[in-house]
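# Residue-level structure breakdown
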Amino acid sequence: LDWGYYSKPPAIAWQIWLGTHLFGNTELGVRMVSGLFGIGLGLAVYRLAKLCQLREDVAFWSGLWMAIIPAGWLGSLLAITDVGLILFWTIGCQEVADALQKRRAISCMRLGGAVLVAALFKWVAFLFWPLLVSFLLIYRKETRFMLGQPLIGAMLLSLLALVPSFLWNGTHDWATFRHVYAILQGGHGESKGNFLEFIGAQVLLVTPLLFVFFWISFSLLKKKQPLACTFLFWVGSSSLLFAIFLAMRQKMQGNWAVFAYPPLVVVAVREIFLRS
């Protein structure tokens, strides 16, 4: 084990270390924690829908659909950084949805801790903050109660995820930061985008039917709905659209926007039940 690695924060290595110590130095040991995270993701999406005060059937199918689409079950099968990121990103969405529905301040420890752990898997978890803050500013009349010290505290707490990587990079010529910078400049050294390839990957990750309903769900912006659902739509669609925009300019891997899907699954399933 180490505090960091060339292209990744340390949590994926910690996860594999835990699995192999519990279940042996075997393929099962390497993958076991990912399997548990995958089960947790389906349950987390179910609970996310419930915290939005959606019906039991909507919550059930949201959790089940997240578990059976490739974006869900591939994470359960493979020991990769995505599954930890997605699970704790979803837990962060839970805290925001619950706060919106109950009109209360954010819990610094719950939200900051969720983003902290997600960022230990992938730094892209920090995108949660500009998405949340922009949502709160756009809907500031309805969300004024969420702005303040608890939110700032949650942001600061999540930054502790950078400490292990700083410790490692300080003795390794800042390799991870140079790697991330290179990706942001051109996507694995390639300046040419891969828009159609990226869109095709997204369709495969969520199945064509669910992908279509994601875009149908844009109509939700014109409907009266729980504010928590509006947040889920915002955080999911903004993440996905941003990734699609980047794919026009540089090469993007298909899994780089996978964290957008748990909130969008809830929105899409709600849309399906509204139209059925």
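Use the structure listed above.
Counting starts from 1 at the beginning of each chain's written sequence and moves along it residue by residue. A pLDDT threshold of at least 70 governs which residues receive local features in this predicted model, and a stricter bar of 80 or more applies before side-chain atom pairs are shown or counted, although totals over entire chains, interfaces and linings include all residues. Note that the side-chain values use all heavy atoms of the structure and ignore hydrogens as well as water.

### Structural notes on the side chain of Asn194
Quick note on the threshold: Under the DSSP-based scheme used, a helix requires at least four consecutive residues in state H or I and a strand at least two consecutive residues in state E, with every element numbered from the N terminus. In this description, contact between two residues means that some pair of their heavy atoms is separated by no more than 4.5 Å.
Mapped onto the elements of the fold, Asn194 is located in the loop between helix H11 (175-186) and helix H12 (195-206). Once residues within four sequence positions are removed from consideration, Asn194 is found in contact with Ala247, Gln250, Lys251 and Met252.

### Some points on the nonpolar core
Worth spelling out the cut-off: Take the buried residues of types Ala, Val, Leu, Ile, Met, Phe, Trp, Tyr and Cys, join any two whose side-chain atoms come within 4.5 Å, and each joined set is a nonpolar core. Exposure is judged per residue with a 1.4 Å probe applied to protein chains only, and the accessible area is read against the type maximum: over 50% gives exposed, under 20% gives buried, and values in between give partly exposed.
Among the nonpolar cores identified, the biggest contains 81 residues, and Leu111, Phe128 and Phe231 are the most heavily contacted of them. Among residues more than four places away in sequence, those in contact with Phe231 are Cys93, Val96, Leu100, Phe128, Leu132 and Phe135.

### Topic: unusual backbone geometry
Trans is the prevailing form of peptide bonds, just as negative phi is the prevailing case for residues other than glycine. Backbone geometry places Arg103, a non-glycine residue, at a positive phi of 50 degrees. For Arg103, the position within the fold is in the loop between helix H5 (81-102) and helix H6 (108-121).

### What about the environment of Trp215?
Its place among the elements puts Trp215 in helix H13 (residues 208-216). For Trp215, a relative accessible area of 29% puts it in the partly exposed group. Spatially, the C-alpha atom of Trp215 lies 13 Å from that of Val266, the residues being 51 residues apart in sequence. When near neighbours in sequence (up to four residues on either side) are disregarded, Trp215 contacts Leu240, Leu241 and Ile244.

### Focus on the environment of Val83
If you trace the backbone, Val83 turns up in helix H5. By relative accessible area, Val83 is classed as buried at 2%. Linking Val83 and Ser34, residues 49 residues apart in sequence, is a C-alpha distance of 6.6 Å. Residue contacts for Val83: discarding those within four places in its chain leaves Ser34, Phe37, Gly38 and Gly75.

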